[in-house]
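This is what each chain is made of:
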Amino acid sequence: MKHSITVTRPDDWHLHLRDGAMLQAVLPETARTFGRAIIMPNLVPPVVTASQAQAYRDRILAALPKEMSFTPLMTLYLTEETDPNDVAQAYETGLIKAVKLYPAGATTNSASGVRNFENVRPVLEKMAEIGLPLCIHGEVTTHEVDIFDREAVFIETVLDPLRQSLPELRVVMEHITTKDGVDYAHTGGDTLAATITTHHLIINRNHILVGGIKPHYYCLPVAKRETHRLALRKAATSGDPRFFLGTDSAPHLDGDKLSACGCAGCFTATNTMPLLAHVFEEENALANLEAFTSKNGPAFYRLPENTDTITLRKSDTQTNFPEKIETENGPVTVFDPGFPVFWTAD
Ligand code: DOR
Ligand code: ZN
């Protein structure tokens, strides 16, 4: 059994930092361990234009503790009004690294997302031409479709037709939660990749619902049945360059989670790397952890890997992660894997 492993400093290819007091509280949790992160634009109002992305980037850097170094990789929120030239310019100046597509109504603050995909066609064509990745929240929002089927139906009815009609478009299937997602990612060439969260490697839908409802395990896409979790584990730990870490760490105040209509999101920024070391060790795949967290993402995004390292250590005593992170407006609960973890990251 290995007791420590040193890896290239990881990046998080899907992160929610929010704004204001929440940003201030959660940013150090990521910056302590990760070199860079793809920053989700679903603020209220959303980050739609290049100038909004620039201002948000400045707010993130202003909130960063002086002793930490961290690079936010900005994204724009795709709407039916998005101007292809604004997007292209934001990419060419280096400001943004991706555009995020939320089907309208799919998740937190997605009301300004896309209803009719024909209306964003000019933006997507421009992105295909310049090689700018599209990060997709892959769920249909049709009321008739069962929430557990929404990812698979999206792949079949939206994603595959889109990729067939625009094969040069570079696509990241964000936070895949199904074997269908894993299988579809395998069919793509170098224009297709998929991120996988920490929590979807750990929980299935039973964890949310058996023995009482667990609001802190509720996220979107919702965790599926065990066969899907196992498929995700196999993909994440395989070393396959198509799969890399996007935590989707999504902080909400406890009051907003523990509610009659609780928000979706698991907050994993604090303990992701120790949890992943635990998972990869269980899968006998510690040797592939670095590919998943530190190498496959930069390769897809055509960025250099980080030049420094972190070390994960396993001890005989259980690691005590904080249960909550305090913000000015109340606490945020840190994801509890439900089993003891013996790994730390430094
Ligand atoms: O669980 C989630 N929370 N999934 C998402 O897609 C959005 C995120 C959030 O912003 O809270
Ligand atoms: Zn997200």
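Use the structure listed above.
Residues numbered from 1 in each chain as written. Chains lettered and ligands numbered in written order. Predicted model: local features only at pLDDT ≥ 70, side-chain atom pairs only at ≥ 80, totals over all residues. Heavy atoms only, no water.

**Q** Any chance you could explain the packing of helix H6 (residues 179-187) against helix H8 (residues 226-236) here in plain terms?
**A** A pair of packed helices can be characterised by two numbers: the angle between their axes and the separation between those axes. Between H6 and H8, whose axes approach to 8 Å, the crossing angle comes to 35 degrees. Mapping the contact onto sequence places Lys179, Asp180 and Val182 in H6 and His228, Ala231, Leu232 and Ala235 in H8. Here the contact of H6 with H8 is built from residues that sort into four nonpolar, one polar and two charged. (Axes fitted to C-alpha atoms, helices over the stretch in contact; angles between N-to-C directions. Helix = DSSP H or I, 4+ residues; strand = E, 2+ residues; numbered from the N terminus. Contact = heavy atoms within 4.5 Å. Nonpolar A, V, L, I, M, F, W, Y, C, P; charged D, E, K, R; others polar.)

**Q** It is not clear to me how empty space enclosed by the protein should be interpreted in this structure. Could you clarify?
**A** The gaps left among the atoms become clear once a water-sized probe is rolled over them. The tally for this structure, following the rule as stated, stands at three cavities of 30 Å³ or more. Volume-wise, the largest cavity comes out at about 110 Å³. Here the lining of the largest cavity is built from residues that sort into five nonpolar, eight polar and three charged. The space that makes up the second largest cavity amounts to roughly 80 Å³. What lines the second largest cavity is Ile136, Gly138, Glu151, Phe154, Ile155, Leu159, Met173, Glu174, His175, Ile176 and Pro221. Examining the composition of the lining of the second largest cavity, we find that four residues originate from one element, helix H5 (residues 150-165), more than from any other. Taken together, the residues of the lining of the second largest cavity sort by class into seven nonpolar, two polar and two charged. (1 Å grid on protein atoms, 1.4 Å probe; cavity = no way out; pocket = protein on both sides within 12 Å on 5 of 7 lines; lining within 4 Å. Points joined across faces, edges and corners; volume = space filled by probe spheres on them.)

**Q** Sorry if this is basic, but what is going on with the packing of aromatic side chains here?
**A** Within the structure shown, the criterion is met by eight aromatic pairs. Considering the side-chain rings of tyrosine 77 and tyrosine 102, the 5.3 Å spacing of their centres and the 40 degrees angle between planes classify their relative orientation as tilted. A residue pair is termed long-range when its members are at least 10 positions apart, and tyrosine 77 in strand E4 (residues 71-77) and tyrosine 102 in the loop between strand E5 (96-101) and helix H4 (121-130) qualify at 25 residues. Of the residues examined, tyrosine 77 reaches a relative accessible area of 0% and is grouped as buried. Of the residues examined, tyrosine 102 reaches a relative accessible area of 1% and is grouped as buried. Feature note: the residues Trp13, Phe244, Phe300 and Tyr301 constitute an aromatic cluster, connected by ring pairs. When the ring centre of phenylalanine 300 is taken as reference, the NZ or CZ atom of arginine 170 above it lies at 4.4 Å. (Phe/Tyr/Trp six-rings, centres within 6.5 Å; stacked < 30°, edge-to-face > 60°. Buried < 20%, exposed > 50% of the residue type's maximum accessible area, 1.4 Å probe, protein only. Lys NZ or Arg CZ within 6 Å of the ring centre and 35° of its normal.)

**Q** Hey, could you run me through the environment of alanine 50 in this one?
**A** Within the element layout of this structure, alanine 50 appears in helix H2 (residues 50-63). Relative accessible area serves as the criterion here: at 15%, alanine 50 is assigned to the buried category. When the C-alpha positions of alanine 50 and valine 87 are compared, they lie 7.0 Å apart, and in sequence the two are 37 residues distant. Not counting residues up to four positions away in its chain, the partners in contact with alanine 50 are Leu76, Asp86, Ala90 and Leu95.

**Q** Explain the sheet that holds strand E13 (residues 343-345) here, please?
**A** Two orientations exist for strands paired in a sheet by backbone hydrogen bonds: parallel and antiparallel. Strand order in the open sheet formed by three strands is E1-E10-E13, and the pairing between neighbours is antiparallel. The two strands at the open ends of the sheet, each matched to only one other strand, are strand E1 (4-8) and E13. Pairwise comparison of adjacent strand axes, ignoring direction, gives a mean angle of 20 degrees for this sheet. Judged from the five bridges that link them, E1 and strand E10 (residues 309-314) form a sheet pairing that is antiparallel. From the neighbouring strand, threonine 6 faces E10, where its bridge partner is threonine 311. The sheet strands contacting helix H10 (residues 272-282) are E10 and E13, and the helix crosses E13 at an angle near 135 degrees. Each of E1 and E10 touches helix H11 (residues 289-301); the most contacted strand, E1, lies at about 25 degrees to it. (Pairing = 2+ DSSP bridges.)

**Q** I keep staring at H8 and nothing clicks. Help me out?
**A** Because an α-helix packs 3.6 residues into every turn, residues spaced three or four apart end up facing the same way. Listing the buried residues of H8 in full gives His228, Arg229, Ala231, Leu232, Arg233, Ala235 and Ala236. Each element contacted by the buried residues of H8 is listed here: H6, strand E8 (192-196), strand E9 (243-245), H10 and H11.

**Q** Explain unusual backbone geometry here, please?
**A** Backbone geometry follows two general trends: most residues other than glycine have a negative phi, and most peptide bonds adopt the trans configuration. Cis geometry is found at the peptide bond from valine 44 to proline 45, where omega equals -5 degrees. As for its position among the elements, proline 45 is in the loop between strand E3 (36-39) and H2. Here the bond from leucine 220 into proline 221 is cis, since omega is -10 degrees, no more than 30 degrees from zero. Assignment of secondary structure puts proline 221 in the loop between helix H7 (205-209) and H8.

**Q** Quick question: what am I supposed to make of the nonpolar core here?
**A** The nonpolar side chains of soluble globular proteins are, as a tendency, buried together. Membership of the largest hydrophobic core comes to 94 residues, with the highest contact counts inside it found for Leu17, Ile96 and Leu134. Ignoring any residue separated from it by four or fewer positions in sequence, one finds leucine 134 in contact with Leu78, Val99, Leu101, Leu124, Met127, Leu162, Leu169, Arg170, Val171 and Val172. In this structure, Tyr77, Tyr102, Val172 and Phe300 belong to the second largest nonpolar core, which totals 13 residues. (Core = buried A, V, L, I, M, F, W, Y, C linked by side-chain atoms within 4.5 Å.)

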